[in-house]
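These are the residues of each chain, in order.
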Amino acid sequence: MTKPMPTIALILPAYNEAATIAPTIEAFYQALPEARIVVVNNNSADATRSIAEQTLAQLGAKGEVVDELAQGKGNAVRRAFLSVDADVYVLADADLTYPADQVHDLIAPVLEGRADMVVGDRRSGGHYNAENKRRFHNFGNALVQKLVNRLFAARLADIMSGYRAFSRTFVKSYPILVSGFQLETDMTLHSLHRRMRIVEIPIAYRDRPEGSYSKLNTFADGASVIFTIAQILRYYRPLLFFVSFSLLFALAGFIAAIPVFHDWITERYIHHLPLAVLAAAFEIVAFLLLAVGLILDSISHHEKMRTELHQLDLERRQARPEP
Ligand SMILES: Nc1nc2c(ncn2[C@@H]2O[C@H](COP(=O)(O)OP(=O)(O)O)[C@@H](O)[C@H]2O)c(=O)[nH]1
Ligand SMILES: [Mg+2]
């Protein structure tokens, strides 16, 4: 018996992409005619929806346009991951920025069982820095990337790429809790945290064509970089996060206590009574933060154990399907 051909689903989240959705679908159809193309429309105010439907019909491509009401790229991809069934999933932008002809390079490691997630890396080829015109944006991205690589002892070149391929196991075990553009970073964090196999493939990247606009806002996203970093530490390294604050308070308490000790040593009497109260308060807060860190660290340890067991269960069932 020959194995059935693996099915491939291409997910294209699209919000107001009337200018580029048709050529994007065409390019991917040309590169991968057997794939099911799923466009996730998200209340687009322009003709994105009808153009996508027309293009799919004209090409005779498998696929459909799915509507997601909750706004945001994370919500859109979540809808597709929930409702679409395939062996390999490809995620790309609907804005012609990612090279459709490299899609085979992206899915190969998944098909060969070498990777759970393959990332189209825009940086290593040098295209992204040349093509992307937003400096501040690059800086914020680099900051988050350094942190992530450090925390997980990884050496990823592009943690925010939107061009990716996934195994079925990845897609069906990835809880999408983010709603917007944190999606890409979250996917990377999830994979690293669960020690999945990530393969990066350098790709050519182009900026959006004239008349097509990014949905990203540099300033809102700059603030969200700081927020993202805090979130990452809070969720993935709770002990480090809370102990850092705890140490700050402990130090402040110590400094506040210096005159108090001085009073006591030289005169056996405390003149700086308010400082004594402040120092004690700081030390109590420091202790509370330490306790919170320890509790959350234990919880995250148990959570890790639980997901690992789940992973083992999945592998076991795949190896020996229940009758
Ligand atoms: N469905 C859906 N897609 C979105 C939304 N926001 C962005 N997208 C799509 O996600 C992809 C990436 O967005 P883009 O603006 O290109 O971000 P950039 O590549 O980081 O500049 C594009 O295909 C957008 O149409 C949204 O709210 N809903
Ligand atoms: Mg884009």
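If you look the protein up in an unreviewed UniProt entry, it shows as Glycosyltransferase from Gilvimarinus algae.

Concerning the UniProt feature "transmembrane region" (unreviewed entry) in the protein
Following the UniProt record, the feature "transmembrane region" (unreviewed entry) maps to residues 239-261 and 273-296 here. Helix makes up 100% of residues 239-261 and strand 0%. Its end C-alpha atoms lie 31 Å apart.

A few points about the nonpolar core
Counting residues in each nonpolar core, the largest one holds 35 residues, and the members touching the most others are Val39 and Tyr163. Elements with a minimum of two residues in this core: β1 (8-14), α1 (21-31), β2 (36-41), α2 (48-59), β4 (88-91), α4 (103-111) and β7 (198-202). Filtering out sequence-adjacent residues up to four positions away, Val39 remains in contact with Leu12, Ala14, Ile21, Ile25, Ala52, Glu64, Val65 and Val66. Core analysis: the second largest hydrophobic core is formed by 24 residues, Ala9, Ile11, Tyr89 and Val178 among them.

A few points about the site of ligand 1
If you check the shell around ligand 1, you find 19 residues, and the closest are Glu17, Asn42, Arg208, Ser214 and Lys215. Residue Pro13 places a main-chain N or O atom 2.8 Å away from an oxygen atom belonging to ligand 1. Considering ligand 1 on its own, with 560 Å² of exposed area, one finds that the protein chains cover 93% of that surface. Contributing elements (two or more residues each) for the shell around ligand 1: β1 and α3 (73-83).

Topic: helix α11 (residues 273-319)
With 47 residues, α11 extends 69 Å from end C-alpha to end C-alpha; this agrees with the ideal 69 Å at 1.5 Å per step. All of the buried residues along α11 are Ala279, Ala286, Leu289, Gly293, Ser300 and Gln311. If you follow the buried residues of α11, they end up packed against α7 (168-172) and α10 (238-267).

Here is what the cut-offs are and how they apply
- Residues numbered from 1 in each chain as written.
- Chains lettered and ligands numbered in written order.
- Predicted model: local features only at pLDDT ≥ 70, side-chain atom pairs only at ≥ 80, totals over all residues.
- Heavy atoms only, no water.
- UniProt positions renumbered as here; feature names shortened; annotations may be inferred.
- Helix = DSSP H or I, 4+ residues; strand = E, 2+ residues; numbered from the N terminus.
- Core = buried A, V, L, I, M, F, W, Y, C linked by side-chain atoms within 4.5 Å.
- Buried < 20%, exposed > 50% of the residue type's maximum accessible area, 1.4 Å probe, protein only.
- Contact = heavy atoms within 4.5 Å.
- Near = heavy atom within 4 Å.
- Polar contact = N/O pair within 3.5 Å; in protein donor to acceptor, adjacent residues only side chain to side chain.
- Areas by Shrake-Rupley, 256 points an atom, 1.4 Å probe, with all protein chains shown as cover.
- Expected span 1.5 Å × (residues − 1).

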